[in-house]
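Next come the chains, spelled out residue by residue.
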Amino acid sequence: MQQYLNGKYGDELGILPCDGIYQRATNTALIFALQKAIGVAGANGNYGPGTVATTPTVSEGASGEVVRVIQYGLLVNGFYDGDCDGKYDADVASAVIAFRKFMNLPPFTGKSDLSVIKGLLTSNGNTDRDSIALDTSAQLTDKDIANFKRYGFSVVGRYLTGSVGTGASKRSKYLTSDELERITDAGLRVFPIYEDGGYEIEYFSRNRGYQDGITAAKKAAELGFPSGTVIYFAVDVDIQDGDIEGTVVPYMKGVIDAVKLSPYEPGIYGTRNVCLHGEEVGMKYSFVADMSYGWSGNLGFRMPTNWAFDQFTEYPIGSTDIDQVAASGKDAGVNKFSPQLYGTISYREVAADVLKGFGKSVSAEFNKKIELVDIPSLKISVELVNSLSVADESPAITISNGKLDSISFANWLQTSGHIKGNGVDAVVNEANKVISSASITNGNVAIEASINNSGESKLKFIYHILEAKDKQLDNELSVVITVTSKPTDLFTGTKIPNVDVPKLVTQSQTDQKSWETLIGFSTVVAIAGVSIFISGGTLSVLLDLIPQLFTGLLVG
């Protein structure tokens, strides 16, 4: 396609890169090719009013350059893989039908009209087409709702929180319970949007997404949105492709982690490119900002397969500004509401409880290590982190209903630490004492391990707390417990059943399995050390507990 466009229009457009990537320049060149084929004066690659007025309707049996452009449009949108030879055959007609159904462009025939051709080449498509949905920032009156019904709309997107405008023109945009009642009494349905920022790239981070997810879920619950409702989180800025991975993707992952503990599902509002990334990371549905057809995130990008809503034009109805929105049918909106409480707990309160559990009645300070044990052969510290801190290699082991997933943890001990046997339950019980001390209801824990050449082991237990005391935290909180020990010194003169500690340490320097076994051994020791400490025990108590724990454990 790029070679063809270069050969035919290179003198006028310049040479396109022939890299097989459908991008902005290629998209513009296709529109230019259509304009040339239909005789638009002053062809410039912009699908303006002159091109709209001149766009023909083409059907099976036709041939020529317009057909070739249609074939290329179907190709780059993923609906056609045949020859782009300018012949409108049955395969092309079938591809057009598939595209019409995907984009919900009735009638579902094989004819290519303005809705099909402009829909293939621009993000907003035919802006005069009918649809059943709209979104608005206005708090709606009975008159607004009656007007919407008269225009044929049955689904309304409304914002959960916030305001729009500044100074004297500032006004509230948040949805109210009275408004919901008026909307549903009139027979319309609602889908919720969350946007309290997101107009600049600097807004987007993982922690911001996590906080937005909690705020949106609380508001949705207060308004009575039922379980399973998708909340669409707005990315209302044209972020360049190279910047999405470091900003919007972490933001969306934060939203997903926050919302998954609520009754709701996460959705994304943004350009096609943003929505495609959202689809990859787990956003259930997309609300595509296709109206901004000149944005870099729309030109040259296909429609996400999980699209539910597609914003394509704006205008006033009466005195109320609306965005007209196409609907795929994936999300029908909501018309029944039952307000409910959605309790959260302060992450700072939980952080303070964690420190109390370790015998430290001090104010919670973040990103600062607090030493719990500091003797030559054993050091234990705890650190509070106001984010999700993830171990590099170890998978997260789930904490549910205040208990560790014993099967996953036992499997980790066996596969990564070569420790098994009927004593594993005792190790799990000790680990659960640590979880109980922090009142962790739901979350996960990962283990990060290392051993240096002198046989000193360093274990990090990274607890990501999602719920405590059966309430979701209002922000992210990780607790990082670091245990550093030198087994050959710590257990001098202490017999450990099934473990020759000095031999294990020596072999770990050259043998991978021995190294992994020492990791498993050190994990058991670390768990016992932390458990003893939070119970008010001493080093001598730890040295007594270790032989008991290893009774029934098979090491190596």
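Before reading further, recall that the structure is shown in the block above.
Residues numbered from 1 in each chain as written. Predicted model: local features only at pLDDT ≥ 70, side-chain atom pairs only at ≥ 80, totals over all residues. Heavy atoms only, no water.

Participant: Before we move on, can you summarise the sheet that holds strand E5 (residues 189-194) with the specific residues and values?
Facilitator: In spatial order, the strands read E1-E2-E5-E6-E7-E8-E9-E10; together these 8 strands close into a barrel with mixed pairing. Each strand of the sheet is rotated relative to its neighbour by a mean of 30 degrees, with strand direction disregarded. Here strand E2 (residues 155-159) runs beside E5; their pairing, made up of 5 bridges, is parallel. Within E5, the position partnered with valine 156 by the bridge is valine 190. (Pairing = 2+ DSSP bridges. Helix = DSSP H or I, 4+ residues; strand = E, 2+ residues; numbered from the N terminus. Axes fitted to C-alpha atoms, helices over the stretch in contact; angles between N-to-C directions.)

Participant: Explain empty space enclosed by the protein residue by residue, including any values.
Facilitator: Enumeration according to the criterion identifies 5 cavities of 30 Å³ or more in this entry. In this structure, the largest cavity encloses a volume near 110 Å³. Elements with a contribution of two residues or more to the lining of the largest cavity: helix H15 (424-437), strand E17 (440-451), strand E18 (457-468) and helix H18 (512-534). Class assignment of the residues belonging to the lining of the largest cavity gives a composition of 14 nonpolar, no polar and no charged. Reported here for the second largest cavity is a volume of approximately 80 Å³. Contributing to the lining of the second largest cavity are 15 residues, with Asn27, Leu120, Arg272, Gly300 and Phe301 lying nearest its centre. Counting residues per element, the lining of the second largest cavity draws most heavily on helix H6 (residues 114-121), at 3 residues. Looking at the lining of the second largest cavity, its residues break down into 6 nonpolar, 7 polar and 2 charged. (1 Å grid on protein atoms, 1.4 Å probe; cavity = no way out; pocket = protein on both sides within 12 Å on 5 of 7 lines; lining within 4 Å. Points joined across faces, edges and corners; volume = space filled by probe spheres on them. Nonpolar A, V, L, I, M, F, W, Y, C, P; charged D, E, K, R; others polar.)

Participant: So what's going on with the pairing of strand E7 (residues 265-270)? Residues and values would help.
Facilitator: Buried residues dominate E7, accounting for 5 of its 6 residues. As paired elements, strand E6 (residues 230-234) and E7 share 5 bridges and run parallel to each other. In the strand pairing of E7, valine 230 is matched with glutamate 265. Once you follow E7 into helix H12 (residues 272-281) and on to strand E8 (residues 285-288), the crossover reads as right-handed. (Buried < 20%, exposed > 50% of the residue type's maximum accessible area, 1.4 Å probe, protein only. Right-handed = clockwise from strand over helix to strand, strands pointing away.)

Participant: Quick one: what's the story with the side chain of threonine 517, residue by residue and with numbers?
Facilitator: Considering the arrangement of structural elements, one finds threonine 517 in helix H18. Those residues within four positions of threonine 517 in sequence are excluded, and the remaining contacts are Gly417, His418, Leu504, Val555 and Gly556. (Contact = heavy atoms within 4.5 Å.)

Participant: Summarise unusual backbone geometry; cite the residues concerned and give the values.
Facilitator: Following proline 106, the chain continues into proline 107 via a peptide bond in cis, with omega recorded as 0 degrees. As for its position among the elements, proline 107 is in the loop between helix H5 (90-103) and H6. One non-glycine residue, histidine 418, lies in the positive phi region at around 55 degrees. Note that histidine 418 resides in the loop between helix H14 (406-417) and strand E16 (419-420). Despite not being glycine, aspartate 470 has its phi angle at roughly 65 degrees, a positive value. With respect to the helices and strands, aspartate 470 occurs in the loop between E18 and strand E19 (471-473).

Participant: Tell me about H18, and name the residues and values.
Facilitator: Compared with an ideal rise of 1.5 Å per residue, which puts 23 residues at 33 Å, H18 spans 33 Å between its outermost C-alpha atoms and is within 8% of the ideal. Here H18 lies mainly inside the structure; 18 of its 23 residues are buried. Positive phi appears at glycine 536, one or two residues downstream of H18, with a value of about 85 degrees. (Expected span 1.5 Å × (residues − 1).)

Participant: Outline H15, listing residues and values.
Facilitator: Helix length check: H15, at 14 residues, gives a terminal C-alpha distance of 21 Å against a target of 20 Å (1.5 Å per residue), a fit within 8%. Val424, Val427, Val428, Glu430, Ala431, Asn432, Val434, Ile435 and Ser437 are the residues of H15 that are buried. Positioned one or two residues after H15, serine 439 has a phi angle of 55 degrees, which is positive.

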